[in-house]
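# Architecture and fold: a report
Read off the chains here:
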Amino acid sequence: MPIPDYESLMPSVLRLGLDLRSGKEAVQLLADEFNLTEEEKRKTIPSGPKTLLKSRLDWAVTYLVHAGLMTRPQRGHFLATDLGRKSLELHGPKINKDFLLRFPQFVEFLSRRREPVATDETVEPFPSSGLTPTELNLSSPLTPDEQIGQAHRAHRTRVA
């Protein structure tokens, strides 16, 4: 089975968060739940040494935290909030980015933008990715780390 994208991980991550979990512990539990091979467990993101599963777990936790469904009570750990517990009970497998859009704090999180380094009129998108250096595709199933890696590979290919 391929490594699930971060949205597909959200219900499982929230379920794991019913008890205080460390990221390291969660990675192992998710790998077991999705029957990942040793090769899949070792697969890293293009931009660094972090594993793909850990990156997707981190993004799922980030999105759930910003929606108010989880909290990070200590570094490297996460825990479901009362709202997260209720959401899991009522909506279970339907928890994904579209579901999180019903929470105003999540919408506000997605709408935040850093000061752009250039306007879209002056920066050409990276080839075949559609990304400019100042934006990421929020509708993509890829994490921002994966989108950056994909854009970087496309850019290097074009330069070569």
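Residues numbered from 1 in each chain as written. Predicted model: local features only at pLDDT ≥ 70, side-chain atom pairs only at ≥ 80, totals over all residues. Heavy atoms only, no water.

## Here's the deal with the packing of helix H1 (residues 6-16) against helix H2 (residues 23-33)
Two numbers describe how H1 lies on H2: the axes approach to 11 Å, and their chain directions differ by 125 degrees. On the basis of their axis angle, the class for H1 and H2 is oblique. You can see that H1 and H2 cross each other, and the crossing is right-handed. Taken together, the residues of H2 that come into contact with H1 (itself represented by Leu9, Ser12, Val13, Arg15 and Leu16) are Ala26, Leu29, Leu30 and Glu33. (Axes fitted to C-alpha atoms, helices over the stretch in contact; angles between N-to-C directions. Helix = DSSP H or I, 4+ residues; strand = E, 2+ residues; numbered from the N terminus. Parallel < 35°, antiparallel > 145°, perpendicular 65-115°, else oblique. Left-handed = near helix turned anticlockwise from the far one by under 90°. Contact = heavy atoms within 4.5 Å.)

## So, the nonpolar core
Core analysis: the biggest nonpolar cluster contains 34 residues, and Val13, Leu64 and Leu100 have the highest contact counts within it. Looking at this core, the elements with two or more residues in it are H1, H2, helix H4 (52-66), strand E3 (77-80), helix H6 (97-100) and helix H7 (104-111). Per element, the largest residue contribution to this core is seven residues, and it comes from H4. Once residues lying within four places of it in the same chain are set aside, the contact partners of Leu100 are Met10, Tyr63, Leu64, Ala67, Leu69, Ile95 and Phe106. (Core = buried A, V, L, I, M, F, W, Y, C linked by side-chain atoms within 4.5 Å. Buried < 20%, exposed > 50% of the residue type's maximum accessible area, 1.4 Å probe, protein only.)

## Observations concerning the side chain of Arg56
Relative to the assigned elements, Arg56 resides in helix H4. With residues near it in sequence (within four places) discarded, Arg56 still touches Ile3, Pro4, Asp5, Tyr6, Leu9, Thr143 and Glu146.

## Things to note about H7
The set of residues buried in H7 consists of Phe106, Phe109 and Leu110. On an axial view of H7, the arc spanned by its buried residues comes to 95 degrees, and they lie on one face. Residues of H7 that are exposed and point more than 90 degrees away from the buried face comprise Pro104 and Ser111. Against the buried residues of H7 lie H4 and H6. (Arc of directions from axis to C-beta.)

## What to know about the confidence of the model for the protein chain
Averaged over every residue, the pLDDT of the protein chain is 83; residues scoring 70 or more account for 81%. Counting contacts from residues 114-136, a segment whose pLDDT is below 50, to residues more than four positions away or on other chains yields 32 contacts. (pLDDT = per-residue confidence, 0-100.)

## Regarding the sheet that holds E3
What the three strands build is an open sheet, ordered E1-E3-E2; its pairing is antiparallel. Every interior strand has two partners, whereas the edge strands, strand E1 (21-22) and strand E2 (70-71), have only one. Contacting E1, E2 and E3, H1 runs over the sheet at an angle of about 90 degrees to E3. (Pairing = 2+ DSSP bridges.)

## Considering the pattern of salt bridges
All chains considered together, the criterion is met by seven salt bridges. The salt bridge involving Asp19 is made with Arg21; its shortest N-O contact spans 3.8 Å. For Arg21, a relative accessible area of 16% puts it in the buried group. For Glu25, the salt bridge is made with Arg21, and the minimal N-O distance between the two is 2.9 Å. Take Glu25: its relative accessible area is 35%, and that puts it in the partly exposed class. What you see here is one network of salt bridges that share partners, running through Asp19, Arg21 and Glu25. (Salt bridge = Lys/Arg side-chain N within 4 Å of Asp/Glu carboxyl O.)

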